[in-house]
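So you can see what is in the structure, the chains are spelled out below.
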Amino acid sequence: IVALILFLALASFVNLTTLPLPHCAKELAVKKLAGTNHKSLLAMFASESFSLVGFAFVLGLLVLLGLNSFIQPVLAVNILDLLFHNYTAFAAITFFILTIAGVAPLLLAYRFTQATPTRLLSTDAITFPRFKRVITFLQLGISIFLIVASLVIGRQVNYSLVKEPGRNHYQVVYMPYPAGLTNVAQLRADWKKNNPNIVDVIATSQLPHQVQSKELNSDFYFIAVERGYRDFFNLQLNSGRWFQPNDENPLTVINKAGVNLADTDNIIGVVENMDEQFNRPQKPLKYQLESHTRYQYLCVRILEVNVRTTLHVLAHAFDNRFPAKVSFVNKHFEDWLHYQDRLNTL
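Positions within a chain are numbered from 1, following the residues in the order the chain's sequence is written. Reporting of local features is limited, given that this is a predicted model, to residues whose pLDDT is at least 70; pairs of side-chain atoms are given and counted only at 80 or more, and all residues count toward the totals for whole chains, interfaces and linings. Excluded from the side-chain calculations are hydrogens and water; all other atoms, namely the structure's heavy atoms, are used.

Participant: Even after reading the chapter, I still don't get the nonpolar core, so can you show me in this structure?
Facilitator: Soluble globular proteins: nonpolar side chains tend toward being buried together. Within the largest apolar cluster, 24 residues are counted, with the highest numbers of intra-cluster contacts made by Tyr229, Phe233, Trp242, Phe243 and Tyr287. Note on conventions: DSSP H or I runs of at least 4 residues are helices, E runs of at least 2 residues are strands, and numbering of each starts at the N terminus. Taken together, the elements giving at least two residues each to this core come down to strand S1 (170-176), strand S3 (221-225), helix H11 (229-232), strand S6 (267-271) and strand S7 (285-289). Note on definitions: a residue-residue contact is assigned when non-hydrogen atoms from the two residues lie within 4.5 Å. When near neighbours in sequence (up to four residues on either side) are disregarded, Trp242 contacts Val225, Glu226, Arg227, Tyr229, Arg230, Leu237, Asp247, Val253, Ile268, Val271 and Tyr287. To qualify as a nonpolar core, a set must consist of buried Ala, Val, Leu, Ile, Met, Phe, Trp, Tyr and Cys residues joined through side-chain atoms within 4.5 Å. Partly exposed residues are those whose accessible area sits between 20% and 50% of the maximum for their type, while under 20% is buried and over 50% is exposed, using a 1.4 Å probe and protein chains only. Val173, Leu181, Phe328 and Phe333 belong to the second largest nonpolar core, which has 22 residues in total.

Next up, the structure:
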C-alpha cells in the first residue's frame, strides 16, 4: 500500500512538472536555432527537476521534524531516532527518493528536447496524449484498489474494537476510590444493573499486584478488603474460612506464605498466594475488614466486549469534567489495546 501511494504521488508530480513544457516550446526552439545542443538542453531540465525535488525534500523533512511529537503517539515511531541513529538507511532512502523523483520528469523532457524547432514553433501543442492516458488508467486502477483495501482494513479494525481477543472473556481494571463514596454495595448493584459489561466491583486499600503496606515490627504486609474480595479474584481457600457477613476487624485471613509467621489468635483462614499470578515474589499477607475510609481503589471486572465504551463509562462515572484514570491489572492486554488504538487512529 505504501508503494502504491508513493507511485500515485510520483505520477501526480510528473504530471505537474510536465504541464509547463508546452509553454517553453518557443524558448526551446530559439535555443536550438542558436546552436544549443541536445545535452545542454537536457541538463537544463535536469537541474530544474533536481532543484525542485531537493527543495521539496528539505521542506518535507522539516515538516516531519516539526510534527514528530504528533507522529510518535500514533505510529510509535520517533523521527529523530530514525534520522540520527540510522545514517546508512537514511542516506540510502534519501538517495533513492531523490533519484527516482528527479529522473521521472526527465523521461518526457527527453522527448521534448528531441523535437525540431519547426515542431516546437507550430501552433499544435505537444501534450503527450498516450503517456497521459496510461497514467490516468493506472491512477484510476490503483485508487480503486486502495479504496477496497481501506474498506477491508476498516472492517477488520472495527471488528477488533468490538471484541478484543485475549486469554479470558473479562479483564480487571482499577481506578482511584472516589471521595465521598460510603456504600460500595449500592454502587456495585447499580453498575451491574445499568451496564451489562460490568461483571463485579469491589473496594480495596491495595492493589493485589502492588501491595506495599507493611506492619511495624513484623514481616507481614496487610490489605483492607471487602467481603467479596475472595470471589472477585477467585482466591482458593486453603484452610479455615473467609469473612462472613457478621465478621468485623480484628479478624484476619492470611495467605499461605504467612502460615509459619502467624502470631495471633484472630486468624480465621488461610488462602492461596496471589503473587504467583503476577510473576512477583511471594510475601506474607494479611487480609482485614476495614471501613470505607481505608479504601484507595475500586477494582472492576469488565467484559472485553465493547471494552472502550465501558472504560469511558467508568472514567466519567463520578465526574464528567475530570475523568478518572482507569488502568488494567493485565498490563500486556493494556499495551495491546493501546496499540490497537494507535492503529485505529492511523
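What follows picks up the thread again.
Participant: Explain helix H1 (residues 2-18) here, please?
Facilitator: For an α-helix the count is 3.6 residues per turn, leaving residues at separations of three or four pointing the same way. Take the number of residues in a helix, subtract one, and multiply by 1.5 Å to get its expected span. With 17 residues, H1 should cover 24 Å at 1.5 Å per step; its first-to-last C-alpha distance of 24 Å lies within 8% of that length. Residues of H1 that are buried: Leu8, Ala11, Phe13, Val14, Asn15 and Thr18.

Participant: Could you clarify how one ought to interpret the side chain of Gln206 in this entry?
Facilitator: Inspection of the secondary structure assignment puts Gln206 in the loop between strand S2 (198-204) and S3. The definition of a polar contact used here is a pair of N or O atoms within 3.5 Å, where within protein one atom must be able to donate a hydrogen and the other to accept one, and adjacent residues in sequence count solely through side-chain atom pairs. Separated by 3.2 Å, the side chain of Gln206 and the backbone nitrogen of Gln212 make a polar contact. Excluding anything up to four places from it in sequence, Gln206 contacts Val211, Gln212, Ser213, Phe222, Ile223 and Tyr297.

Participant: Explain the packing of helix H2 (residues 25-33) against helix H3 (residues 38-66) here, please?
Facilitator: Describing two packed helices takes the angle between their axes plus the distance from one axis to the other. Interhelical geometry of H2 versus H3 gives an angle of 145° and a closest axis separation of 11 Å. Contact residues: Leu28, Lys31 and Lys32 in H2; Leu41, Met44 and Phe45 in H3. Here the contact of H2 with H3 is composed, by residue class, of four nonpolar, no polar and two charged. Interaxial angles span 0 to 180 degrees and are taken between N-to-C directions of axes, which are lines fitted to C-alpha atoms, for helices over the stretch in contact. In this classification, Asp, Glu, Lys and Arg are treated as charged, Ala, Val, Leu, Ile, Met, Phe, Trp, Tyr, Cys and Pro as nonpolar, and every other residue, Gly included, as polar.

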